[in-house]
Amino acid sequence: MCYLCDTCILIDYLRGKDEVQQKLENDRKQGLGMSSVTYMELMVGARNKREVNIIKKAFSDFEVIEISESISIKAKNLIEKYTKSHGLLIPDALIGATALELDVPLYTSNIKDFQFIPNLVLI
């Protein structure tokens, strides 16, 4: 996997944002991933079963990374350090912790949500 995609990026892809569509299409061969949190956020955001099927088809080749004990521990530590000072939310902590655990960059357009996390590489 060359990087983990944040939820906002996958939503931009579905909305037809050219820059994001080009990047994901170019990098698909190298392998792309998403946290199971991202997958759940996409499913919750779907308005109906037709949209659920569109999402599933669009990202069927993505690796979905489940939350492991080590990801959970990393996320918990991030929450302790950054929820009060930077407003870090649970889903973002889990997504950031997943990228850290896999040692891959996180592709996001919400840089402000993650920029304070040490050792997290952002695209």
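These notes cover the structure that comes with them. (Residues numbered from 1 in each chain as written. Predicted model: local features only at pLDDT ≥ 70, side-chain atom pairs only at ≥ 80, totals over all residues. Heavy atoms only, no water.)

1. Here's the deal with the overall build of the protein
Here is step 1: In terms of regular secondary structure, the protein is built from six helices and four strands.
Here is step 2: Along the protein, helices and strands appear, N-terminal first, in the series β-α-α-β-α-α-β-α-α-β.
Here is step 3: At 14 Å, the protein has a C-alpha radius of gyration in line with the 14 Å of a compact globule built from 123 residues.
Here is step 4: In terms of overall dimensions, the protein has C-alpha extents of about 40 × 30 × 25 Å along its principal axes.
Here is step 5: In the protein, which comprises 123 residues, the proportion classed as buried is 41%.
Here is step 6: Residue pairs at least 24 apart in sequence account for 65% of intrachain contacts in the protein once pairs closer than 6 positions are excluded.
Here is step 7: Per element, the accessible surface of the protein, about 7,100 Å² overall, is 51% carbon and sulfur.
Here is step 8: Distance between charge centroids for the protein: 5 Å, based on 15 positive and 17 negative side chains. (Helix = DSSP H or I, 4+ residues; strand = E, 2+ residues; numbered from the N terminus. Rg over C-alpha atoms; globule rule 2.2 N^0.38 Å. Buried < 20%, exposed > 50% of the residue type's maximum accessible area, 1.4 Å probe, protein only. Contact = heavy atoms within 4.5 Å. Areas by Shrake-Rupley, 256 points an atom, 1.4 Å probe, with all protein chains shown as cover. Lys, Arg positive; Asp, Glu negative; His and termini not counted. Charge placed at Lys NZ, Arg CZ, Asp CG, Glu CD.)

2. Considerations on helix α3 (residues 36–45)
Here is step 1: Within α3, burial applies to Ser 36, Val 37, Thr 38 and Leu 42.
Here is step 2: Those residues of α3 that are buried are in contact with β1 (3–5), α1 (7–14), β2 (32–35), α4 (49–58), β3 (63–65) and α6 (90–102).

3. Structural notes on α4
Here is step 1: Within α4, burial applies to Glu 51, Ile 55 and Ala 58. Buried residues in α4, looked at end-on, bunch into an arc of 70°, giving them a common side. Exposed side of α4, more than 90 degrees from the buried face: Lys 49, Arg 50 and Lys 57 are the residues found there.
Here is step 2: The elements touched by buried residues of α4 are α1 and α3.
Here is step 3: Where α4 begins, one side-chain oxygen reaches toward the backbone nitrogen of Arg 50, 3.1 Å away; that side chain belongs to Asn 48. (Arc of directions from axis to C-beta. Polar contact = N/O pair within 3.5 Å; in protein donor to acceptor, adjacent residues only side chain to side chain.)

4. Quick word on the packing of aromatic side chains
Here is step 1: This structure, assessed with the given rule, holds four aromatic pairs.
Here is step 2: When the ring of Phe 59 is compared with that of Phe 62, the centres are 5.1 Å apart and the planes differ by 75°; the resulting orientation is edge-to-face.
Here is step 3: With centroids separated by 5.1 Å and ring planes inclined at 50°, the aromatic side chains of Tyr 82 and Phe 116 adopt a geometry described as tilted. Highlighted residues: Tyr 82 in helix α5 (residues 69–86) and Phe 116 in the segment after β4 (106–107), separated in sequence by 34 residues. Neither residue differs from the other here; Tyr 82 and Phe 116 are each classed as buried.
Here is step 4: Members of the aromatic cluster, connected to one another through ring pairs, are Tyr 13, Phe 59 and Phe 62.
Here is step 5: Between Lys 23 and the ring centre of Tyr 107, over which it is positioned, the NZ or CZ distance is 5.6 Å. (Phe/Tyr/Trp six-rings, centres within 6.5 Å; stacked < 30°, edge-to-face > 60°. Lys NZ or Arg CZ within 6 Å of the ring centre and 35° of its normal.)

5. Overview of the side chain of Thr 7
Here is step 1: With respect to the helices and strands, Thr 7 occurs in helix α1.
Here is step 2: Overall, Thr 7 belongs to the buried group, its relative accessible area being 8%.
Here is step 3: Side-chain polar atoms of Thr 7 contact the side chain of Thr 38, separated by 3.3 Å.
Here is step 4: Apart from the residues within four sequence positions on either side, Thr 7 is in contact with Thr 38, Glu 41, Leu 42 and Ile 95.

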